[in-house]
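# Structure at a glance
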Amino acid sequence: MSRIIPAIDVIDGKCVRLVEGDYQRKTTYRDDPLEVAKEFEEHGLKYLHLVDLDGAKAGKVINWRVLERICTQTQLSVDFGGGVKSNEDLQLVMDSGASQVNVGSLAVKNREMFLEWLHRYGGDKLILSADVRDGKIAIHGWQTQTELLLEDFIRDYMSQGIRTVVCTDISKDGKLQGPAIELYQQLMQQFPDLQLVASGGVSGIEDVHALQAQQMYGIIIGKAIYEGKISLQELAETQ
């Protein structure tokens, strides 16, 4: 069964959502991410995808105290991403309690450093974050488009030990128009051993069921929760 992974995106310490990664199209939902995380836990959810949007923009981890509070005051298994670009930031995130760390931009810009991390910490600790627009990888909080093809990016790092990839179709994110199921089907066919986590576009419980039918390793759900399109009780029942 797919992991159900609710998302908390953080700007200025608050729980927000963007549309297609656009910082100008921001909605603030809650002032305290810890309260949100506790609600997830109270409904029996076990995982959390925590994104430091300030960090993604700044190129360094900023909201690590939010991570620390959630990890010390809940039992959630937290994967953290956003701005992890140095040894110091990686250590800070791990010391703050993250179970896994998402790395995207650095894996594109500094392959040598990412491979060093991968060989040191292993594919269970590091998640490759593959944010895609028109089949190509986007980095720096989706602000920069590259010419790197999604399939090449995944193939390269799987050969080096990556096991889990979070793939976000940017065109779907924050729009509640349904996930990129065809894209995920293609990736599962190409990389049958990949632990693929779907992210972006989930608009209702039917989308969760559709992704589970594709045997996704995990499903990240954000805006649908905050907009009341999916209840936490519904999500708990799909686990």
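Let me sum up the structure you'll find in this document.

What counts as what
Residues numbered from 1 in each chain as written. Predicted model: local features only at pLDDT ≥ 70, side-chain atom pairs only at ≥ 80, totals over all residues. Heavy atoms only, no water. Axes fitted to C-alpha atoms, helices over the stretch in contact; angles between N-to-C directions. Helix = DSSP H or I, 4+ residues; strand = E, 2+ residues; numbered from the N terminus. Left-handed = near helix turned anticlockwise from the far one by under 90°. Contact = heavy atoms within 4.5 Å. Nonpolar A, V, L, I, M, F, W, Y, C, P; charged D, E, K, R; others polar. Phe/Tyr/Trp six-rings, centres within 6.5 Å; stacked < 30°, edge-to-face > 60°. Buried < 20%, exposed > 50% of the residue type's maximum accessible area, 1.4 Å probe, protein only. Lys NZ or Arg CZ within 6 Å of the ring centre and 35° of its normal. Salt bridge = Lys/Arg side-chain N within 4 Å of Asp/Glu carboxyl O. Pairing = 2+ DSSP bridges. Right-handed = clockwise from strand over helix to strand, strands pointing away.

For the pair helix α7 (residues 150-158) and helix α8 (residues 181-190), interaxial distance at closest approach is 12 Å and the crossing angle is 35 degrees. Our pair here, α7 against α8, has a crossing hand that is right-handed. Packed against α7, whose contacting residues are Leu150, Glu151, Ile154 and Arg155, the element α8 presents Leu183, Leu187 and Gln190 at the interface. Across the contact of α7 with α8, the residue classes break down as four nonpolar, one polar and two charged.

The next subject is the packing of aromatic side chains. Following the criterion strictly, the structure yields three aromatic pairs and no others. Here Phe114 and Tyr157 contribute two aromatic rings whose centre-to-centre distance is 4.9 Å and whose plane-to-plane angle is 90 degrees, an arrangement assigned as edge-to-face. Of this pair, Phe114 sits in helix α6 (residues 111-121) while Tyr157 sits in helix α7; the two residues are 43 residues apart in sequence, bridging distant segments of the chain. Like Phe114, the residue Tyr157 is buried in the burial classification. Pairing Phe153 with Tyr157 gives two aromatic rings, centres 5.7 Å apart and planes at 90 degrees, and the pair type is edge-to-face. In this pair, Phe153 and Tyr157 both sit in helix α7, four residues apart, roughly one turn of the helix. Overall, Tyr157 belongs to the buried group, its relative accessible area being 1%. A cation over an aromatic ring shows up here: Lys57 above the ring of Tyr23, its NZ or CZ 4.4 Å from the ring centre.

We now examine the pattern of salt bridges. A full pass over the atoms with the stated rule returns 11 salt bridges. Here Arg17 ties to Asp9 by a salt bridge, and the two come within 2.8 Å at their closest N and O atoms. Each member of the pair, Arg17 as well as Asp9, is classed as buried. A single network of salt bridges, built from pairs that share partners, joins Arg30, Glu35 and Glu39.

Turning our attention to the environment of Thr27. Its place among the elements puts Thr27 in strand β3 (residues 22-30). Sequence-distant contacts of Thr27, defined by excluding residues within four places in its chain, comprise Cys15, Val16 and Arg17.

Where burial is concerned, most of strand β10 (residues 164-169) is hidden: six out of the six residues are buried. Along β10, one buried face is formed by Thr164, Val166 and Thr168 and the opposite face, lined by Val165, Cys167 and Asp169, is buried too. Pairing between strand β7 (residues 126-133) and β10: five bridges, direction parallel. Bridging across to β10, Leu128 finds its partner in Val165. Judged from the five bridges that link them, β10 and strand β11 (residues 195-199) form a sheet pairing that is parallel. Residue Val165 lies in a different strand from β11, and its bridge partner there is Leu196. In this fold, the crossover linking β10 to β11 by way of α8 has right-handed handedness.

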